[in-house]
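In case you want the letters, here they are:
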Amino acid sequence: MDPDAVAKAFVEHYYSTFDTNRAGLANLYQESSMLSFEGQKIQGSQSITAKLTSLPFQQCQHAITTVDCQPSGPAGGMLVFVSGNLQLAGEQHPLKFSQMFHLMPTPQGSFYVLNDIFRLNYA
């Protein structure tokens with residue numbers, strides 16, 4: 001298993017799902033998962049999905065600039081750090097963002113998001 005390939009595939013899946021059907025992200029999180037969104041901490045798949053689906057915009061488009069990953073710990077986890085631009089519908093200029101995911105393996109051979117930290121980057 002190539003960690004860079006896993007990270008790339010995860011990032012493509014996560015952001016295409018976010019941009020088209022945010023509720024579809026629920027299966028990437030578990031009850032132990034935590035999201036820090038602009039400093040607000042939310043725990044559990046249902047609460048995280050509720051937060052993401054209630055954001056004050058309906059349409060957006062992520063453009064990924066960088067994806068960095070590292071193996072994390074003996075359990076086979078991975079850290080994935082993403083930076084890019086977020087274009088909101090009706091806005092002239094995109095917002096810059098950074099997001100970090102801590103992915104953990106599932107018994108079925110895939111990964112779930114244990115930790116997710118999102119920040120907008122203001123100039």
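Thresholds applied
- Residues numbered from 1 in each chain as written.
- Predicted model: local features only at pLDDT ≥ 70, side-chain atom pairs only at ≥ 80, totals over all residues.
- Heavy atoms only, no water.
- Pairing = 2+ DSSP bridges.
- Helix = DSSP H or I, 4+ residues; strand = E, 2+ residues; numbered from the N terminus.
- Contact = heavy atoms within 4.5 Å.
- Buried < 20%, exposed > 50% of the residue type's maximum accessible area, 1.4 Å probe, protein only.
- UniProt positions renumbered as here; feature names shortened; annotations may be inferred.
- Axes fitted to C-alpha atoms, helices over the stretch in contact; angles between N-to-C directions.

Asker: Can you help me understand the pairing of strand S2 (residues 40-43) in this one?
Answerer: Of the strand pairs in this sheet, strand S1 (residues 29-37) and S2 are connected by four bridges, and their pairing is antiparallel. Across the sheet, residue Phe37 finds its bridge partner in S2, namely Gln40. Linking two consecutive strands that pair antiparallel, namely S1 and S2, is a turn of two residues; a positive phi of about 55° is found at Glu38 within it.

Asker: Any chance you could explain the side chain of Ser45 here in plain terms?
Answerer: Summarising the element assignment, Ser45 is placed in helix H2 (residues 45-53). What Ser45 contacts, discounting residues up to four positions off in sequence, is Ala26, Tyr29, Gln30 and Glu31.

Asker: Help me understand unusual backbone geometry, please; the structure alone is not making it clear to me.
Answerer: Residues other than glycine predominantly adopt negative phi, and peptide bonds predominantly adopt the trans conformation. Positive phi, normally seen in glycine, also occurs at Glu38, with a value near 55°. Considering the arrangement of structural elements, one finds Glu38 in the loop between S1 and S2. With relative accessibility at 28%, the residue Glu38 sits in the partly exposed group.

Asker: Help me understand the UniProt feature "domain: NTF2" (unreviewed entry) in the chain in this model?
Answerer: UniProt annotation of "domain: NTF2" (unreviewed entry) refers to residues 6-120 when read in the numbering used here. Regarding residues 6-120, the helix share stands at 21% and the strand share at 51%, and the terminal C-alpha atoms are separated by 25 Å.

Asker: Sorry if this is basic, but what is going on with the environment of Gly73 here?
Answerer: Locating Gly73 in the fold gives a position in the loop between strand S3 (60-72) and strand S4 (77-88). Classification of Gly73 by relative accessible area gives exposed; the value is 56%. Separated by 31 residues in sequence, Gly73 and Met104 place their C-alpha atoms 9.8 Å apart.

Asker: Is there a simple way to think about the sheet that holds strand S5 (residues 95-105) in this case?
Answerer: Where strands meet in a sheet, backbone hydrogen bonds hold them as pairs that are either parallel or antiparallel. Pairing is mixed in the open sheet, where six strands are placed in the order S2-S1-S6-S5-S4-S3. The sheet is open, and its two edges are formed by S2 and S3, each paired on a single side. Strand-to-strand twist of the sheet, defined as the mean angle between neighbouring strand axes without regard to direction, takes the value 15°. Across the face of the sheet, helix H1 (residues 3-20) comes into contact with S1, S3, S4, S5 and strand S6 (111-121) while running at roughly 150° to S3. Against the sheet, H2 contacts S1 and S2, and its axis sits at roughly 40° relative to S1.

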